[in-house]
Every structure is written in C-alpha cells, then in structure tokens.
Amino acid sequence: MRLFLDTANIEHIRHGVELGVVSGVTTNPSLVSKEGKVDYKTLVKDICCIVPGPVSTEVLSQEAAGMVAEAREIVTWAENIAVKVPCTLEGLKATAVLVREHVKVNMTLCFSLNQAILAAEAGATFVSPFVGRLDDIGEDGMQLVVDITRYLSYYKLPTQVIAASIRHPAHCLSAANAGAHIATVPYKVLLQMVEHPLTDIGVRRFADDWNKVMGTAGIVPPK
Ligand code: E4P
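A few points on the structure. In this text the structure is predicted, and so the values were computed from the model without any measurement.

With that settled, the discussion passes to the overall build of the protein. A count of helical and extended segments in the protein gives 11 helices and 8 strands. In terms of principal-axis extent, the alpha carbons of the protein reach across some 70 × 35 × 30 Å. Counting across all 223 residues of the protein, residues that qualify as buried make up 44%. The long-range share in the protein, meaning contacts at least 24 apart out of those at least 6 apart in sequence, stands at 55%. Per element, the accessible surface of the protein, about 12100 Å² overall, is 58% carbon and sulfur.

Written out as structure tokens, the structure is:
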C-alpha cells in the first residue's frame, strides 16, 4: 500500500518525502484553509515540486461546467496533479469530460459502494472512501474500503482506492489488510505509524550493552 500525506502543510510534506515513505499528497479546501490565506496556485505548485507522485487538488465549483473549467486551469500548474472532484451527479459529468482530456481524477467524498461503482465507470483514476467520517456517524468506514477494493479487483478495473479520512494507525493497518492501493494519512498518523515501545527499548538496550564493554566509541570511519 502506498502512502500519501493528507495535508497542505509544506514542512510536513517535505519531512514525509525526506523519510522516503510519502509518494503523493491529497489536499482539500479545509486543509488548504488551515495554512491561512494563501495563494492556492503557488501553494499547490510548491507541493508539486516537493512530492514525486500525484497531488490531489480539489475544485470548488459545484456545477460540472465550473468544475471542468477549474480543472483545466489546475492541471496547467504542474504535471503531477490529480483533480479532486466530488462524487455527485455534477462531479460525474465533469469527470466524464476530464477523463476524455486525459486528466487524472480523484473522486472524493465517497461514502458508498454505488458511488465507487460510478466513479470507476466514469474512468476516475482514484476513488476516495472517507473512513473516519463514516465511523463518526456509526457506520463501518473500513468495510466500505473492503467492498470497493473487492469490487474493483473482481472486475479488474484500473481505478485505485485511496483510503481517506484516516484518523489513527489502526486505520492504516485495516486499509492495508483490505487491499487499498493507497492510504492518505494526516502527518500525525504518519509519525505514529513508526512508533513501537519494543523498538525504543531495543535501541536503548543495544547501545547500553555495547557501551558497557566497548566504551562509548561508535563505528568511526578510519582517518
Ligand atoms: C481525503 O482526500 C480528504 O482530504 C481527507 O482524508 C478528509 O479527511 P477528514 O475526514 O479527516 O477531514
């Protein structure tokens, strides 16, 4: 499973890429707003320079014509853009046009298998089921990821699942077990994924055992 960062924060993206584990980014209007009153185009262009893979950039219009116009502008900002379009009737109509123009579309705000079926039929490159938001209303968000990945693989469809609205490391585990192609994770969750108390204990014990016998000298290159 590939990992994308779900943020518009440049420092967090830089760090994730530096760690060698982040291959894409997803943003949305709420995440961009968290960065203050920024120039959307400049911010997206900066993100696209840092991250090697797709950077999902959301349209703001709610009608197909507006979405298409925005998408046509957004794709000129960088080569690694995927345009984020909501799973609505207007979003499908826009996706149909954009796919014909070879634009990578990430159909977002997906809350049902039916929406994912339509996204795949419309030719979306990605579909993003929102796990945490479904959990929030008492539904089983991860079951939707399971259902969509099973459906796409059964019919050998090329659309990739981005498990989105990830709230904690256990969501990442379940997304991987469900066969999601990608999980898009908040920076905090990315940092939590590496944590394990036994790793910390092990690192300390190796250092202590070494130091007891060898002194504090580590492995130094010959002068
Ligand atoms: C995905 O592309 C969305 O940006 C994101 O995962 C939404 O997550 P939230 O429910 O935590 O806002």
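Time to look at the pattern of salt bridges. Here the structure, examined in full by the defined rule, presents 6 salt bridges. Ionic pairing is found between Arg14 and Glu11, a salt bridge with its closest N-O pair at 3.9 Å. Within this pair, Arg14 and its partner Glu11 are both found in helix α1 (residues 10-18), separated by 3 residues, close to a single helical turn. A residue is classified by how much of its surface remains accessible, and Arg14, at 40% relative accessible area, is partly exposed.

To continue, consider the site of the ligand. The environment of the ligand is formed by Asp6, Thr26, Asn28, Leu31, Lys84, Phe130, Arg133, Ala164, Ser165 and Arg167. The contact in question runs from an oxygen atom of the ligand to an N or O atom on the side chain of Asn28, over 2.7 Å. Arg167 is positioned with one of its side-chain polar atoms (N or O) 3.1 Å from an oxygen atom of the ligand. When the free accessible area of the ligand is taken as 340 Å², the share hidden by the protein chains comes to 85%. Of the residues belonging to the shell around the ligand, the class tally is 3 nonpolar, 3 polar and 4 charged.

This next bit is on helix α4 (residues 64-74). Turning to α4, its buried residues are Ala64, Met67, Val68, Ala71 and Ile74. Buried residues of α4, viewed axially, fall in a sector of 125°; they line one side. Looking at the buried positions of α4, the neighbouring elements they touch are β3 (55-58), β4 (81-86) and α5 (89-100).

Okay, the nonpolar core next. Counting residues in each nonpolar core, the largest one holds 61 residues, and the members touching the most others are Ile47 and Val185. Once you skip the residues sitting within four places of it in the chain, Ile47 turns out to touch Ala8, Ile10, Ile13, Val25, Thr27 and Val55. Residues Phe4, Ala82, Phe126 and Ile162 belong to the second largest nonpolar core, which totals 5 residues.

Take the pairing of strand β8 (residues 182-185) next. In β8, alternate side chains face the same way, and those of Ile182 and Thr184 on one face and Ala183 and Val185 on the other are all buried. As paired elements, strand β7 (residues 160-163) and β8 share 2 bridges and run parallel to each other. The residue of β8 that forms the bridge with Ala163 is Ala183. Each parallel crossover has a hand, and the one from β7 via helix α9 (residues 169-178) to β8 is right-handed.

Quick look at the side chain of Thr149 now. For Thr149, the position within the fold is in helix α8 (residues 141-154). Contact partners of Thr149, with chain neighbours within four places excluded, come to Val161, Ala178, Gly179 and Ala180.

Each value, and the rule that gives it
- Residues numbered from 1 in each chain as written.
- Predicted model: local features only at pLDDT ≥ 70, side-chain atom pairs only at ≥ 80, totals over all residues.
- Heavy atoms only, no water.
- Helix = DSSP H or I, 4+ residues; strand = E, 2+ residues; numbered from the N terminus.
- Buried < 20%, exposed > 50% of the residue type's maximum accessible area, 1.4 Å probe, protein only.
- Contact = heavy atoms within 4.5 Å.
- Areas by Shrake-Rupley, 256 points an atom, 1.4 Å probe, with all protein chains shown as cover.
- Salt bridge = Lys/Arg side-chain N within 4 Å of Asp/Glu carboxyl O.
- Near = heavy atom within 4 Å.
- Polar contact = N/O pair within 3.5 Å; in protein donor to acceptor, adjacent residues only side chain to side chain.
- Nonpolar A, V, L, I, M, F, W, Y, C, P; charged D, E, K, R; others polar.
- Arc of directions from axis to C-beta.
- Core = buried A, V, L, I, M, F, W, Y, C linked by side-chain atoms within 4.5 Å.
- Pairing = 2+ DSSP bridges.
- Right-handed = clockwise from strand over helix to strand, strands pointing away.

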